[in-house]
Amino acid sequence: MILLDGKQTASDIKDEIAVKVKELKAAGKKAPHLAAVIVGDNGASITYVNAKVKACEKVGFDSTLIKLPETITEEELLSKIEELNNDDNIDGFIVQLPLPKHIDELKVTLAISPLKDVDGFHPESLGRMVLDLPGFLPATPYGIVQLLDRYNIETSGKDCVVIGRSHIVGSPMSILMARNNKVGNCTVTLTHSRTQNLADITRRADIIIVALGKPEFLTGDMVKDGAVVVDVGITRVADETKKSGFRLLGDVDFASVSPKCSHITPVPGGVGPMTIASLMMNTLQAIEMK
Ligand code: GUN
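Just so we're clear, the structure is a prediction, and the values are computed from it rather than from any experiment. (Residues numbered from 1 in each chain as written. Predicted model: local features only at pLDDT ≥ 70, side-chain atom pairs only at ≥ 80, totals over all residues. Heavy atoms only, no water.)

Draft legend 1. Summary view of the site of the ligand. The ligand sits among Lys52, Val95, Gln96, Leu97, Asp119, Phe121 and Thr275. At 2.9 Å, a backbone N or O of Val95 approaches a nitrogen atom of the ligand. Bound to the protein, the ligand loses 83% of the 280 Å² it would expose on its own. Considered class by class, the residues forming the shell around the ligand number three nonpolar, two polar and two charged. (Near = heavy atom within 4 Å. Polar contact = N/O pair within 3.5 Å; in protein donor to acceptor, adjacent residues only side chain to side chain. Areas by Shrake-Rupley, 256 points an atom, 1.4 Å probe, with all protein chains shown as cover. Nonpolar A, V, L, I, M, F, W, Y, C, P; charged D, E, K, R; others polar.)

Here it is, written out as structure tokens:
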């Protein structure tokens, strides 16, 4: 069993981006500038956004962190987004999800200029992906594609099962794995809460991508020998033995699944760092698209 080391792969990608940023600066151009908007004080979201800002420092990007209170109105957030859309100094920006319940996430996604949509969540970005046009790919699925590519995982003609149909992971992931691309050309099955006989479906899969947010959902009896398993889940569960008071669990029961796999991502250190590396790749692309 080979661990798909997202931490190391993301670090390699960030090193490559850092070289490109140095070249840009040497040519008298400015460094890409990413802004991240966070609303409220969700602990996990703060950790993720801080990691994104830290990654900007590592690759030599400029970054701006915009912290807004939980009580901000939808209108105020939309006007902040408009400001960022019109700010020539900002090349790309993200609004960290989830947002408080009184704010419509779809309205926020639609308000972000497709030219600065480095999360790849806007319908124009998703449409471009479906049509194989250049554009921003959604950060987590893009990161998974990069990870499979850099480990030379053969995907062509393989049976890929995606568990979970979220707009930001499962659904775009299923499209990327079916594309006519080096990583792609799979026969994809997108499964969800209404899927019947899920274990029968996953047991046939060469590649399983699990993104439903249920800790240790995929167990060893659901996986065939030699499968490649990608775990997108990262849930905080209370653990008094930890200083933080919690530990992180993926959607895969690593103990029973990993012995059967040819390759598997760990949690943490698998998909999470790759999402951030993809965000850096998209931000570099934002200035190239200008
Ligand atoms: N929440 C969970 N994943 C993501 C992501 O990739 N981007 C944003 N903006 N919010 C998220």
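Draft legend 2. Geometry of the environment of Phe246. With respect to the helices, strands and loops of the structure, Phe246 is situated in strand β10 (residues 246-249). Of the residues examined, Phe246 reaches a relative accessible area of 22% and is grouped as partly exposed. Put simply, Phe246 and Thr235 are eleven residues apart on the chain and 9.4 Å apart in space, counted from C-alpha to C-alpha. Excluding residues within four positions of it along the chain, Phe246 makes contact with Arg236, Val237, Ala238 and Asp239. (Helix = DSSP H or I, 4+ residues; strand = E, 2+ residues; numbered from the N terminus. Buried < 20%, exposed > 50% of the residue type's maximum accessible area, 1.4 Å probe, protein only. Contact = heavy atoms within 4.5 Å.)

Draft legend 3. Seen up close, unusual backbone geometry. Cis geometry marks the peptide bond from Leu97 to Pro98; its omega dihedral reads 0°. Among the structural elements, Pro98 can be located in the loop between β4 (92-95) and α4 (105-111). Residue Val267 is joined to Pro268 through a cis peptide bond whose omega torsion reads 0°. Relative to the elements of secondary structure, Pro268 occurs in the loop between β11 (261-264) and α10 (271-289). A positive phi angle is found at Asp132, which is not glycine, with a value near 60°. For Asp132, the location among the structural elements is in the loop between α5 (123-130) and α6 (139-150). Given a relative accessible area of 47%, Asp132 falls into the partly exposed group.

Draft legend 4. Broad picture of the nonpolar core. Membership of the largest hydrophobic core comes to 50 residues, with the highest contact counts inside it found for Ile17, Phe61, Ile144, Leu148, Met177, Ile209 and Met280. Here this core gets ten residues from one element, more than from any other, and that element is α10. If we ignore the near neighbours within four places in the chain, the residues touching Ile209 are Ile144, Cys160, Val161, Val162, Ile163, Met173, Met177, Val230 and Val232. (Core = buried A, V, L, I, M, F, W, Y, C linked by side-chain atoms within 4.5 Å.)

Draft legend 5. Layout of the side chain of Glu74. Tracing the backbone shows Glu74 in helix α3 (residues 74-86). Residue class for Glu74 comes out buried when judged on its relative accessible area of 17%. Among the polar contacts made by the side chain of Glu74, one reaches the side chain of Lys107 at a distance of 2.9 Å. Aside from chain neighbours lying at most four places away, what touches Glu74 is His102, Ile103, Asp104 and Lys107.

Draft legend 6. Expanded view of the sheet that holds strand β6 (residues 187-191). Sheet architecture is open: six strands sit in the order β1-β11-β8-β7-β5-β6, paired in parallel fashion. The open sheet has two edge strands, β1 (2-3) and β6, and neither has a second partner. (Pairing = 2+ DSSP bridges.)

Draft legend 7. Molecular detail of α3. Taking 1.5 Å of rise per residue, 13 residues should cover 18 Å, and α3 covers 19 Å from first to last C-alpha, within 8% of that figure. Within α3, burial applies to Glu74, Leu77, Ile81, Leu84 and Asn85. Looking straight down α3, one finds that the buried residues subtend no more than 105° of arc, so they occupy a single side. Turned more than 90 degrees off the buried face of α3, the exposed positions are Glu75 and Asn86. If you follow the buried residues of α3, they end up packed against β2 (33-39), β3 (62-68), β4 and α4. (Expected span 1.5 Å × (residues − 1). Arc of directions from axis to C-beta.)

Draft legend 8. Representation of the packing of α6 against helix α7 (residues 170-178). Remark: α6 packs on α7, axes separated minimally by 9 Å, with the N-to-C direction vectors making an angle of 35°. By crossing handedness, the relation of α6 to α7 is classed as right-handed. Residues Pro141, Tyr142, Ile144, Val145 and Leu148 of α6 form the contact with α7, whose participating residues are Pro172, Met173, Leu176 and Met177. Here the contact of α6 with α7 is built from residues that sort into nine nonpolar, no polar and no charged. (Axes fitted to C-alpha atoms, helices over the stretch in contact; angles between N-to-C directions. Left-handed = near helix turned anticlockwise from the far one by under 90°.)

Draft legend 9. Examining empty space enclosed by the protein more closely. Taken as a whole and assessed by the stated rule, the structure comprises two cavities of 30 Å³ or more. Its boundaries defined by the atoms lining it, the largest cavity holds a volume of some 60 Å³. Considering the residues around the largest cavity, the lining is formed by Val95, Leu97, Val108, Thr109, Ile112, Asp117, Asp119 and Phe121. Here the lining of the largest cavity is composed, by residue class, of five nonpolar, one polar and two charged. Of the voids in this model, the second largest cavity is the one considered here, and its volume is about 30 Å³. Around the second largest cavity, the lining residues are Ile38, Ile46, Val49, Asn50, Leu65 and Lys67. Counting only elements with at least two residues in the lining of the second largest cavity, the list comes to α2 (43-59) and β3. At three residues, the largest contribution of residues to the lining of the second largest cavity is made by α2. Looking at side-chain class alone, the lining of the second largest cavity contains four nonpolar, one polar and one charged residues. (1 Å grid on protein atoms, 1.4 Å probe; cavity = no way out; pocket = protein on both sides within 12 Å on 5 of 7 lines; lining within 4 Å. Points joined across faces, edges and corners; volume = space filled by probe spheres on them.)

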